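Below are the chains, spelled out letter by letter.
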Amino acid sequence: TDSTPTFNAHVTNTTMVMTARSGIAFGGNVEHVMVVNTQTSSIYTSAIDTEPQGGAVRDVVLDNVYMDSWFDPGRAGSGNIPISIVGGSTTAPSEVTQAQKFRMTDCTVAQGGILISSAIDVVVDRCRVICDFQSSNPQAVAPICVTGQCDAISITDNYIYDRVPGTPGGNHDGSIAV
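Residues numbered from 1 in each chain as written. Predicted model: local features only at pLDDT ≥ 70, side-chain atom pairs only at ≥ 80, totals over all residues. Heavy atoms only, no water.

Draft legend 1. Seen up close, the overall build of the chain. From N to C terminus, the chain includes 0 helices and 16 strands. Taking all 178 residues of the chain together, 49% fall into the buried category. Summing over all exposed atoms, the chain offers an accessible surface of approximately 8000 Å²; the carbon and sulfur share of this is 49%. (Helix = DSSP H or I, 4+ residues; strand = E, 2+ residues; numbered from the N terminus. Buried < 20%, exposed > 50% of the residue type's maximum accessible area, 1.4 Å probe, protein only. Areas by Shrake-Rupley, 256 points an atom, 1.4 Å probe, with all protein chains shown as cover.)

What follows is the structure, encoded as structure tokens:
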């Protein structure tokens, strides 16, 4: 999690079950990442979480990844976000700190949403996003939530099932909230 960048990290054919925080966390400057044929379940915070602390996460490919949340997704806490694509600064984003060039293809996000914030050039293609749980959690995000300063976000050929009630003025005004 220091400022020294990590390059060319690959996670393939991996299963993560029951973690008390995140499955995969990008906690610093990271570039050229591939996560392929990977499954997560019973992940308390996020299956894949970007939190670069002032740096940036760039050039990430997620292909055929199954991301599930905690067994009680309606709980108060992280807000049902199996994947976050978030830059290193949401208050003063810049090209230095924004998440850039994420490609999500043929992925499944079960019991939660995709949060995209402070990001540039993100593609969500041929994915399934399922939100089917009861929640009184005002933090519950939309199945796909684009917020903050974002640019060039492409959401194509996806299947979205959303049975979670939204909260007026929150991040769940629709199945895709921008």
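Draft legend 2. Representation of the sheet that holds strand E3 (residues 24–26) in the model. In space, the 6 strands of this open sheet follow the order E3-E5-E7-E10-E13-E16, with parallel pairing throughout. The two strands at the open ends of the sheet, each matched to only one other strand, are E3 and strand E16 (176–177). By the bridge criterion, 4 bridges tie strand E7 (residues 83–86) to strand E10 (residues 114–117) in an arrangement that is parallel. Across the sheet, Ser84 pairs through a bridge with Leu115, a residue of E10. (Pairing = 2+ DSSP bridges.)

Draft legend 3. Spatial organisation of the pattern of salt bridges. Applying the stated criterion to the full structure yields 6 salt bridges. A salt bridge links Asp106 to Arg126, with the shortest nitrogen-to-oxygen separation between them at 3.0 Å. Of this pair, Asp106 sits in the loop between strand E8 (99–105) and strand E9 (108–110) while Arg126 sits in the loop between strand E11 (119–125) and strand E12 (128–131), placing them 20 residues apart in sequence. Judged by relative accessible area, which is 33%, Asp106 ranks as partly exposed. Residue class for Arg126 comes out partly exposed when judged on its relative accessible area of 42%. Notably, a salt bridge pairs Arg126 with Asp125, separated by 2.6 Å at the nearest N-O pair. Salt bridges sharing common partners tie together Asp106, Asp125 and Arg126. (Salt bridge = Lys/Arg side-chain N within 4 Å of Asp/Glu carboxyl O.)

Draft legend 4. Spotlight on the nonpolar core. By size, the foremost hydrophobic cluster in this structure holds 30 residues, and its most contacted members are Leu62, Met67, Ile83, Ile85, Met104 and Ile114. Of all the secondary-structure elements, those providing two or more residues to this core are E3, strand E4 (30–43), strand E6 (57–68), E7, E8, E10, E11 and strand E13 (144–147). Examining the composition of this core, we find that 5 residues originate from one element, E6, more than from any other. Residue contacts for Ile85: discarding those within four places in its chain leaves Thr50, Ala99, Phe102, Met104, Ile114, Leu115, Ile116, Ser117, Ala119 and Val122. (Core = buried A, V, L, I, M, F, W, Y, C linked by side-chain atoms within 4.5 Å. Contact = heavy atoms within 4.5 Å.)

Draft legend 5. A look at the state of the cysteines. Per the counting criterion, the structure on display carries 0 disulfides. Cys150 takes part in no disulfide bond, and the closest cysteine sulfur to it belongs to Cys145, at a distance of 9.0 Å. By relative accessible area, Cys150 is classed as partly exposed at 25%. (Disulfide = S-S within 2.5 Å.)

Draft legend 6. Local environment of the side chain of Gln98. Mapped onto the elements, Gln98 comes out in the loop between E7 and E8. The buried category is assigned to Gln98, whose relative accessible area is 9%. A distance of 2.9 Å separates the side chain of Gln98 from the backbone oxygen of Gln149, its partner in a polar contact. (Polar contact = N/O pair within 3.5 Å; in protein donor to acceptor, adjacent residues only side chain to side chain.)

Draft legend 7. Examining the pairing of E13 more closely. Both E10 and E13 contribute to a ladder of 4 bridges, which runs parallel. Directly across from Ile114, in E13, lies its bridge partner Ile144. Here E13 pairs with E16 via 2 bridges, running parallel. Paired with Cys145 across the bridge in E16 is Ala177.

In short, the description is geometric, and any link to function would need to be established separately.
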